[in-house]
Amino acid sequence: MNDAFAPSERYRQGMATRRAVLGDNHVDRAQSASTDFDRPFQELITEAAWGHVWSRPNWTKRERSIVTIALLAALGQDEEVAMHVRATANTGASREDICEALLHVAIYAGVPAANHAIKIVKQVFGEMDAGRAV
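Residues numbered from 1 in each chain as written. Predicted model: local features only at pLDDT ≥ 70, side-chain atom pairs only at ≥ 80, totals over all residues. Heavy atoms only, no water.

### Remarks on the pattern of salt bridges
Side chains that differ in sign of charge can pair as their charged atoms come close.
And step 1. Counted by the stated rule, this structure contains six salt bridges.
And step 2. Taking the shortest distance from any N to any O, the salt bridge between D28 and R19 comes out at 2.8 Å.
And step 3. Residue class for R19 comes out partly exposed when judged on its relative accessible area of 24%.
And step 4. Linking R95 and D129 is a salt bridge whose minimum nitrogen-to-oxygen distance equals 2.7 Å. Taken together, the positions of R95 in helix α6 (residues 95–109) and D129 in helix α7 (residues 111–129) put the pair 34 residues apart, joining distant regions of the chain.
And step 5. In this structure, a network of salt bridges that share partners links the residues R19, D24 and D28. (Salt bridge = Lys/Arg side-chain N within 4 Å of Asp/Glu carboxyl O. Buried < 20%, exposed > 50% of the residue type's maximum accessible area, 1.4 Å probe, protein only. Helix = DSSP H or I, 4+ residues; strand = E, 2+ residues; numbered from the N terminus.)

Set out below in structure tokens:
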């Protein structure tokens, strides 16, 4: 955090939610790797994505996880798909949930997008099963 940044309640809630979903290790790495250049972006996503959207009470973390993976797969955001698949260990989204989400991706966003995401998800599952997921 920069010296001029005073965390809002939404930021604090966002950080708690971000840590609950992604895990302390991931968040600590992201924060320690931030620089003056990207620190405002880290503050933005913590407050907006995690504090505003992910912290809303209407959907469970499991439901948000499923939708997020589907959207990221549809957009071809490979690293983010992998990160959010790893986060399912904390959100409660099952492998069956992810399979169903990717079937929707295939129909509504295209078979190539789903096929590529399935490849990524299978790799992450393999890492998780081997205890290598970080």
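### Quick word on the packing of helix α4 (residues 61–75) against helix α5 (residues 78–91)
And step 1. Where α4 contacts α5, the axes come no closer than 9 Å and their chain directions differ by 165°. Classified by the angle between their axes, α4 and α5 sit roughly antiparallel to one another. For the pair α4 and α5, the crossing hand works out as left-handed. Counting all contacts with α4, which are made through K61, R62, S65, T68, I69, L72 and A73, the residues of α5 involved are E80, V81, H84, V85, T88 and T91.
And step 2. Residue classes in the contact of α4 with α5 are distributed as five nonpolar, five polar and three charged. (Axes fitted to C-alpha atoms, helices over the stretch in contact; angles between N-to-C directions. Parallel < 35°, antiparallel > 145°, perpendicular 65-115°, else oblique. Left-handed = near helix turned anticlockwise from the far one by under 90°. Contact = heavy atoms within 4.5 Å. Nonpolar A, V, L, I, M, F, W, Y, C, P; charged D, E, K, R; others polar.)

### Observations concerning the UniProt feature "domain: Carboxymuconolactone decarboxylase-like" (unreviewed entry) in the chain
And step 1. UniProt records the feature "domain: Carboxymuconolactone decarboxylase-like" (unreviewed entry) at residues 41–122, using the numbering of this structure.
And step 2. Between the first and last C-alpha atoms of residues 41–122 the distance is 30 Å; the span itself is 84% helix and 0% strand. (UniProt positions renumbered as here; feature names shortened; annotations may be inferred.)

### Some remarks on α7
The periodicity of an α-helix, 3.6 residues per turn, causes residues three or four places apart in sequence to face the same way.
And step 1. The end-to-end C-alpha distance of α7 is 26 Å, a good match for the 27 Å that 19 residues give at a rise of 1.5 Å each.
And step 2. Where α7 is concerned, the buried positions are A113, A114, A117, I120, V121, V124 and F125. Buried residues of α7, viewed axially, fall in a sector of 140°; they line one side. Exposed residues on α7 whose side chains face more than 90 degrees from its buried face are V111, P112, N115, K119, K122 and D129.
And step 3. Where α7 is buried, its residues meet α4, α5 and α6.
And step 4. Residue G131 follows α7 closely and has a positive phi angle near 75°. (Expected span 1.5 Å × (residues − 1). Arc of directions from axis to C-beta.)

### A short note on the packing of aromatic side chains
And step 1. Tallied over the entire structure, the rule returns one aromatic pair.
And step 2. Across the ring face of F125, the terminal group of R95 is positioned such that the distance to the ring centre comes to 4.0 Å. (Phe/Tyr/Trp six-rings, centres within 6.5 Å; stacked < 30°, edge-to-face > 60°. Lys NZ or Arg CZ within 6 Å of the ring centre and 35° of its normal.)

### What about the nonpolar core?
One broad rule of soluble globular proteins: the nonpolar side chains tend to lie buried together.
And step 1. Residues A73, V81, V85, I98, L102, V105 and V121 are the most contacted members of the largest nonpolar core, which totals 21 residues.
And step 2. Those elements that provide at least two residues to this core are α4, α5, α6 and α7.
And step 3. Looking at this core element by element, the count peaks at seven residues for α7.
And step 4. The contacts of V105, once residues within four sequence positions are left out, are A70, A73, A74, G110, A113 and A114.
And step 5. With nine residues, the next largest nonpolar core counts M15, L22, V27 and W50 among its residues. (Core = buried A, V, L, I, M, F, W, Y, C linked by side-chain atoms within 4.5 Å.)

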